[in-house]
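# Summary of the model geometry
In case you want the letters, here they are:
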Amino acid sequence: MYEHTRNGIIKAGFDPTVIEAIGQVMASTPTSKDADAHYHSFELEADKLPWPQDHDFGALVLQAASGKVSDTGVREFLLAKALERAQWCATCATSGGEGLARMQHVQALKAELSALKP
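Calculation rules
- Residues numbered from 1 in each chain as written.
- Predicted model: local features only at pLDDT ≥ 70, side-chain atom pairs only at ≥ 80, totals over all residues.
- Heavy atoms only, no water.
- pLDDT = per-residue confidence, 0-100.
- Helix = DSSP H or I, 4+ residues; strand = E, 2+ residues; numbered from the N terminus.
- Phe/Tyr/Trp six-rings, centres within 6.5 Å; stacked < 30°, edge-to-face > 60°.
- Buried < 20%, exposed > 50% of the residue type's maximum accessible area, 1.4 Å probe, protein only.
- Lys NZ or Arg CZ within 6 Å of the ring centre and 35° of its normal.
- Salt bridge = Lys/Arg side-chain N within 4 Å of Asp/Glu carboxyl O.

With that settled, the discussion passes to the confidence of the model for the protein chain. Mean pLDDT over the protein chain stands at 89; residues scoring 70 or higher make up 91%. Predicted confidence in the protein chain is weakest over helix H6 (residues 96–116), with a mean pLDDT of 80, and strongest over helix H2 (residues 17–27), with 97.

Moving on: the packing of aromatic side chains. Geometrically, a pair of aromatic rings is defined through the distance of the ring centres and the angle of the planes. Throughout the structure, instances matching the rule amount to three aromatic pairs. With 5.0 Å between their ring centres and 50° between their planes, Tyr2 and Phe57 make a pair best called tilted. Placement of Tyr2 in helix H1 (residues 2–11) and of Phe57 in helix H4 (residues 57–66) is noted, with a sequence separation of 55 residues between them. Exposure remark for Tyr2: the relative accessible area of 24% places this residue in the partly exposed category. Seen from their ring centres, Tyr39 and Phe42 are 5.9 Å apart, and the 25° between their planes marks the pair as stacked. With Tyr39 and Phe42 both in helix H3 (residues 32–46) and three residues apart, this pair spans about one turn of that helix. For Phe42, a relative accessible area of 0% corresponds to the buried category. A network of ring pairs unites the aromatic residues Tyr39, Phe42 and Phe77 as a single cluster. In this structure, Lys81 packs its charged tip against the face of Tyr39, placed 4.8 Å from the ring centre.

We now examine the pattern of salt bridges. Side-chain pairs of opposite charge can arise whenever the charged atoms involved come near each other. A complete count under the given rule lists six salt bridges for this structure. In this structure, Lys117 and Glu76 form a salt bridge, with 3.0 Å as the shortest nitrogen-oxygen distance. Of this pair, Lys117 sits in the segment after H6 while Glu76 sits in helix H5 (residues 72–91), placing them 41 residues apart in sequence. Residue Glu76 is classed as partly exposed on the basis of its relative accessible area, which comes to 29%. The closest approach of N and O atoms between Lys81 and Glu84, which form a salt bridge, is 3.5 Å. Here Lys81 pairs with Glu84, and both are found in helix H5, just three residues apart, close to one helical turn. Here Lys81 falls in the buried class, since its relative accessible area comes to 17%. Taking the relative accessible area as the measure of exposure, Glu84 reaches 42% and is therefore partly exposed. Via salt bridges that share partners, Asp47, Asp56 and Arg85 belong to a single interconnected network.

The structure is reproduced here in structure tokens:
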């Protein structure tokens, strides 16, 4: 879904590389507090992008970045922020089918977060 959504954003005339770079910076921080220090700039850039294929690309970036992080606190922070963004995307649905499609990502993120907790 990541590449498909990324390609849709590029096709719509937007550049996703800025939030991808900020996401990588966040993933490389030693603590969740450090990651949080970069989140505002991430959010400002991610909010400029459209939602092709009923996914928030910011949420997808954070989810993908979390998979490359060994620190549980940073990983949990990234997934929690991805979940917030995906939930926001889902609440903006204008039809039932659109909302159901967007909720699939929310459910996947909830499952990933649950798997981190013992």
